[in-house]
Amino acid sequence: MFKKMFIAAALLAAAVSQAGAQEKAPFALDWKFEGPAAPYLIAIDKGYFGDEGLAVEITEGKGSLDAIPKVATGAFPFGLADINSLMRFLDQNPGAPVTAIMMIYDKPPFAVVGRKDMGIETPKDLEGKVLGAPPPDGAWAQFPIFAAENDLDMSKITVEPVGFPTREPMLAEGKVAAVTGYSFTSTLNVMRLGVAMEDQTVLLMSDYGVSLYGNAILVNTDYAAENPELVKGFVKAVAMGWKDAIADPAAAVKPLMSRNPAADEALEVERLSLSIKDNVLTDWVKANGFGGIDVDRMAKSIEQTKSVYEFVNEPDASLYFDSSYLP
């Protein structure tokens, strides 16, 4: 009996020691606990992060720009944010210790979502209309490229700064004719507010000349230099979470519902499925693997950004994405 007690105590001590050895790794999300956040919650609940020696706690975000300064200051070692906004941040804050290490949205969900009954069918239809745009929104940040590629006269578009909580309600109420946002966020939110999908026009910017990447996993580079194996482990766990989500979106949303019980489960399954189909599991990813980037396309995206944003410093792709931590 004493031998059994000793073995049990030793096992408990080992478990406690192992748990204590896990490195705390706060992760700054881009947005709320909605469908596309499910893969990261899977990685927590299934122990993928824990297996890599990481105790990950996820914090909701307030937009796709939100995580960049959080990671740059070191408050969070990891974050999820728009890589195009990261380029501008690093130009305005040269030497800031932050870079992207894993591409999540190979095809960005930047979109303009409008109402057909208010005359929105094509990009040109935005002229003479009111466009609702949250200032921190990643889609709004790239709107000038969309406007340039589609020869829009910005002087003919009335831009109404709106908050994230009021963006879709204003569109549903007809107070604006269109909004900038993520395709899988705004469309479903507006549908839930009573505007059927067939009554919406979704102008996905990548279908209208915008050759940019989307959100990526960021890391604080000082942290990465000190903990390269933990960073590799983080990326590996994220990949496993997304693999599970792609295989079974309905099951993937279950961990999300435990954190956000007020969410509409069926809606979040649809949101996750849309993000997988349109943004994550693209033809390029199927051919080349998940998490990386195409060098030529990145160069093109930088040139496109230069057409609407004046860099203070010469842009350098090596500052924006480091593939060395990918499995």
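The text that follows walks through the structure, step by step, so that each part is easy to find.

## Section: the sheet that holds strand 4 (residues 98-103)
- Taken together, 5 strands build an open sheet; the order of strands is 2-1-3-10-4 and the sheet is mixed. Both edges of this open sheet fall to strand 2 (54-59) and strand 4, since each of them pairs with a single strand only. Between one strand and the next, the sheet's axes are offset by a mean angle of 30°, whatever the strand orientation.
- Pairing of strand 3 (residues 78-82) with strand 10 (residues 215-220) involves 5 bridges; the strand directions are antiparallel. From the neighbouring strand, D82 faces strand 10, where its bridge partner is N215.
- Sitting on the sheet, helix 5 (residues 83-92) is in contact with strand 3, strand 4 and strand 10, with an inclination near 165° to strand 4.

## Quick look at the pattern of salt bridges
- Scanning the model with the defined rule gives 17 salt bridges in all.
- Ionic pairing is found between D117 and R115, a salt bridge with its closest N-O pair at 2.8 Å.
- Where K306 meets E303, a salt bridge forms, and the shortest distance between an N and an O atom there is 3.4 Å. Here K306 pairs with E303, and both are found in helix 15 (residues 295-306), just 3 residues apart, close to one helical turn.
- Residue classification places K306 among the partly exposed positions, given a relative accessible area of 34%.
- Residues joined by salt bridges that share partners form a network here, namely E34, E268 and R271.

## Points about the pairing of strand 10
- Burial analysis of strand 10 places 6 of its 6 residues in the buried class, the great majority of the element.
- In this structure, strand 4 lies alongside strand 10, joined through 5 bridges in antiparallel fashion. Directly across from M103, in strand 10, lies its bridge partner A216.

## Some points on the packing of aromatic side chains
- Evaluated as defined, the whole model comprises 16 aromatic pairs.
- Here the aromatic rings of F27 and Y40 are separated by 5.3 Å at their centres, their planes lie at 70°, and the arrangement is edge-to-face. A residue pair is termed long-range when its members are at least 10 positions apart, and F27 in strand 1 (residues 23-28) and Y40 in helix 2 (residues 38-45) qualify at 13 residues. The burial state of F27 is the same as that of Y40; both residues are buried.

Criteria and thresholds
- Residues numbered from 1 in each chain as written.
- Predicted model: local features only at pLDDT ≥ 70, side-chain atom pairs only at ≥ 80, totals over all residues.
- Heavy atoms only, no water.
- Pairing = 2+ DSSP bridges.
- Helix = DSSP H or I, 4+ residues; strand = E, 2+ residues; numbered from the N terminus.
- Axes fitted to C-alpha atoms, helices over the stretch in contact; angles between N-to-C directions.
- Contact = heavy atoms within 4.5 Å.
- Salt bridge = Lys/Arg side-chain N within 4 Å of Asp/Glu carboxyl O.
- Buried < 20%, exposed > 50% of the residue type's maximum accessible area, 1.4 Å probe, protein only.
- Phe/Tyr/Trp six-rings, centres within 6.5 Å; stacked < 30°, edge-to-face > 60°.

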